[in-house]
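# Residue-level structure breakdown
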Amino acid sequence: MAVFCRSAASLVKPVFLLPSTFAAVRHYSSGGQFQYILVDKKGDNNNVGFIQLNRPKALNALCDGLIIEVNKALDSFEQDSGVGAIVITGSERAFAAGADIKEMQNRTFQECYGGSFLSHWNKISTVKKPVIAAVNGFALGGGCELAMMCDIIYAGEKAQFGQPEILLGTIPGAGGTQRLTRAVGKSLAMEMVLTGDRISAQEAKQSGLVSKVFPVDQLVSEAIKCGEKIASNSKLVAAMAKEAVNAAFELTLAEGNRLEKRLFHSTFATEDRKEGMTAFVEKRKAMFKDN
Ligand code: HXC
């Protein structure tokens, strides 16, 4: 792909960019593209896609525009062959305090049911690349649901998780009753959904909602480190591993084991599987090429 760049010293020169490089330029360097999020690539090899929710005055309340922007950023990272994992975070005060209540306040049932209200919210649960939520501060309502759509949740030690929709006369609508129950079990999920009470990062860790808790100021860098570890493996095989684990939430044990076996067999059709095992035998580091 040729792009024409004008430098001070020269006339117009064609510069050849690989498709992934072009995507990176197009999506990450145009600062004015996003209003509600910051998008970047992190890690020593620039292989971790990074999305920061950035609506501080509203504690990152998830307005329609913000969700649309997150979806666009996810799409561009999915297409970017240099990205092997994605980190999504908020600020130290709030990951996200929920769907935007002011935006929802006057909606009618007819608009919600007849229109496409919330239909674009589950994008994050459909991307193939592993997504890590780095949660500091409030993760409430839709904010908690967004985190639970990710594959791994890391929490800062002051994080608070909750589904307080009941206090607003409604219930979770982006998977909160389903994903929370699978993560923490019925009793705690019921208690949180029925009372609106929040749980701390430590309780979230104890109950299995999050995998690790870090000091507030180390959370994001630890999430990026985890993303780098994931991105150093075969992206192709990582997608298979993710698909297999996710199947555990939807299939019976027998069906899930069958799917896992098929995916396991499929890894033997990849160069990366051959490289991984050969590297082990030759006592060297594997060089995966994602094919
Ligand atoms: C819109 C919000 C908001 C939200 C906070 N703000 N949460 N705006 N939608 N969900 C705004 C406040 O209106 C205020 O703006 C500013 O952020 C700071 O909030 P304060 O309340 O002043 O801060 P604080 O006293 O520290 O309290 C923090 C808080 C509280 C505990 C997080 O803001 C709160 O309870 N927020 C609502 C949490 C919630 O109910 N979430 C679920 C939403 S329903 P102004 O301009 O007024 O000063 C939901 C449904 C999901 O998520 C369904 C599927 C998508």
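I will try to describe carefully the structure that is included in this document. Since this is a predicted model, take the numbers as computed values, not measurements.

This brings us to the sheet that holds strand β6 (residues 94-96). With mixed pairing, the four strands of this open sheet are ordered in space as β6-β8-β10-β11. With partners counted over all chains shown, the strands left at the sheet margins are β6 and β11 (199-200), one partner each. Pairing of β6 with strand β8 (residues 138-140), which is carried by two bridges, proceeds in the parallel orientation. In the sheet register, A96 faces β8, and the bridge partner there is A139. Against the sheet, helix α5 (residues 142-149) makes contact with β6, β8 and β10 (160-162), and its axis sits at roughly 90° relative to β8, the strand it touches most.

Next up on the list: the packing of aromatic side chains. As enumerated under the stated definition, the model contains three aromatic pairs in all. Where F109 meets Y113, the ring centres are 5.4 Å apart and the plane angle is 15°; that geometry is what we call stacked. Taken together, the residues span about one helical turn, with F109 and Y113 both in helix α4 (residues 109-114) at a distance of four residues. Each of the two residues, F109 as well as Y113, counts as exposed. Between Y154 and F214 the ring centres are 5.1 Å apart and the planes differ by 55°, which places this aromatic pair in the tilted class. One end of the pair, Y154, is in strand β9 (residues 152-156); the other, F214, is in strand β12 (residues 212-214), with 60 residues separating them in the sequence. Taking relative accessible area as the criterion, F214 reaches 13% and is therefore assigned buried. The aromatic ring of F50 is capped on one face by K42, whose charged end is 4.9 Å from the ring centroid.

Taken in spatial order, the six strands line up as β3-β4-β5-β7-β9-β12 in an open sheet, and their pairing is mixed. The open sheet has two free edges, formed respectively by β3 (37-42) and β12, since each of these has just one partner strand. For this sheet, the mean angle separating the axes of adjacent strands, direction not counted, is 20°.

About the criteria used
Residues numbered from 1 in each chain as written. Predicted model: local features only at pLDDT ≥ 70, side-chain atom pairs only at ≥ 80, totals over all residues. Heavy atoms only, no water. Pairing = 2+ DSSP bridges. Helix = DSSP H or I, 4+ residues; strand = E, 2+ residues; numbered from the N terminus. Contact = heavy atoms within 4.5 Å. Axes fitted to C-alpha atoms, helices over the stretch in contact; angles between N-to-C directions. Phe/Tyr/Trp six-rings, centres within 6.5 Å; stacked < 30°, edge-to-face > 60°. Buried < 20%, exposed > 50% of the residue type's maximum accessible area, 1.4 Å probe, protein only. Lys NZ or Arg CZ within 6 Å of the ring centre and 35° of its normal.

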